[in-house]
Amino acid sequence: QLENQIPTEVVITTVPSSDSNNRDTFIKRIAQSIARNQRVDGTECLIRKTSITSSHFNNNRNIMEHLRTITLMDSEMIKNKDVYLLDDVSTTETSLHACFMILKKAGAKSIKTFVLGKTVHYNPEQDIINKMSLLKVPGFGNKAFSNFCR
């Protein structure tokens, strides 16, 4: 069913991994599969030339670092084309934004972005406090919770 919703001749590309040596990613395989039927496989267009620490580990929001380390290999494939930009997991969205900017500068006619997942930072203690306050449990504030957990 997804097949019928993606126009033909669109360029399918991906946000490269933070690890410049990791060129065979899950999202790249998905993109290549989508591109098989009358779409353009642009999965080699954007590459990471230098590895950086993943945002999953350091929450890096510096878009300039992504712009310095990602390069466009084939601007002619992008120029005046509709592009679908796929990313596996978004933490800060800076790599997605950097790739968007690179594709726009190369002359993409339009760019649609798709992300499979979003990193969520889970704090179980705060989650329980929030739920207890919603339930209006008397005396169940931060101090009560800390004492409860001991």
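Use the structure listed above.
Keep in mind the model is a prediction, meaning the values are calculated, not measured.

The rules we used
Residues numbered from 1 in each chain as written. Predicted model: local features only at pLDDT ≥ 70, side-chain atom pairs only at ≥ 80, totals over all residues. Heavy atoms only, no water. Pairing = 2+ DSSP bridges. Helix = DSSP H or I, 4+ residues; strand = E, 2+ residues; numbered from the N terminus. Salt bridge = Lys/Arg side-chain N within 4 Å of Asp/Glu carboxyl O. Right-handed = clockwise from strand over helix to strand, strands pointing away. 1 Å grid on protein atoms, 1.4 Å probe; cavity = no way out; pocket = protein on both sides within 12 Å on 5 of 7 lines; lining within 4 Å. Points joined across faces, edges and corners; volume = space filled by probe spheres on them. Nonpolar A, V, L, I, M, F, W, Y, C, P; charged D, E, K, R; others polar. Phe/Tyr/Trp six-rings, centres within 6.5 Å; stacked < 30°, edge-to-face > 60°. Buried < 20%, exposed > 50% of the residue type's maximum accessible area, 1.4 Å probe, protein only. Core = buried A, V, L, I, M, F, W, Y, C linked by side-chain atoms within 4.5 Å. Contact = heavy atoms within 4.5 Å.

A. Structural detail: the sheet that holds strand S2 (residues 40–41). If you trace the four strands from one edge of the open sheet to the other, you get S2-S1-S5-S6, paired in parallel fashion. Whereas interior strands pair on both sides, the edge strands pair on one side only; in this sheet they are S2 and strand S6 (110–118). With eight bridges connecting them, strand S5 (residues 82–90) and S6 associate as parallel partners. Its bridge partner being in S6, tyrosine 84 is matched across the sheet by lysine 112.

B. Representation of the pattern of salt bridges. In the structure shown here, the tally under the stated rule is four salt bridges. Note that glutamate 44 is salt-bridged to lysine 28, the shortest N-O span being 2.2 Å. Placement of glutamate 44 in the loop between S2 and strand S3 (46–48) and of lysine 28 in helix H2 (residues 26–35) is noted, with a sequence separation of 16 residues between them. Salt-bridge contacts for lysine 109 lead to aspartate 82; the nearest nitrogen and oxygen are separated by 3.9 Å. In this pair, lysine 109 is assigned in the loop between helix H6 (94–105) and S6 and aspartate 82 in strand S5, connecting sequence segments 27 residues apart.

C. Representation of the pairing of S5. Sheet topology note: the strand S1 (residues 11–14)/S5 ladder contains four bridges and is parallel. Bridging from a neighbouring strand, isoleucine 12 pairs with tyrosine 84 of S5. Taking the sense of rotation as the criterion, the β-α-β connection linking S5, H6 and S6 turns out right-handed.

D. Representation of empty space enclosed by the protein. Summed over all chains, the structure comprises one cavity of 30 Å³ or more. Each pocket or cavity is described by its volume, and for the largest cavity that value is around 120 Å³. Of all the secondary-structure elements, those providing two or more residues to the lining of the largest cavity are H2 and S3. Sorting elements by how many residues they give to the lining of the largest cavity places S3 first, with three residues. For the lining of the largest cavity, the per-class residue count stands at five nonpolar, six polar and five charged.

E. Spotlight on the packing of aromatic side chains. Per the stated rule, a full pass over the model turns up one aromatic pair. Each ring, one from tyrosine 84 and one from phenylalanine 114, has its centre 5.0 Å from the other, and the planes form 50°; the classification is tilted. Placement of tyrosine 84 in strand S5 and of phenylalanine 114 in strand S6 is noted, with a sequence separation of 30 residues between them. Given a relative accessible area of 9%, tyrosine 84 falls into the buried group.

F. Region of the structure containing the nonpolar core. In terms of nonpolar packing, the biggest core is built from 15 residues, with Leu46, Ile78, Val83, Leu85 and Leu103 touching the most fellow members. Those elements that place two or more of their residues in this core are S5 and H6. Per element, the largest residue contribution to this core is four residues, and it comes from H6. Beyond its immediate chain neighbours, meaning those up to four positions away, leucine 85 contacts Thr13, Thr14, Val15, Leu46, Leu96, Cys99, Phe100, Leu103, Ile111, Lys112, Thr113 and Phe114. One finds Ala31, Ile34, Tyr84 and Leu86 within the second-largest nonpolar core, a separate group that totals nine residues.

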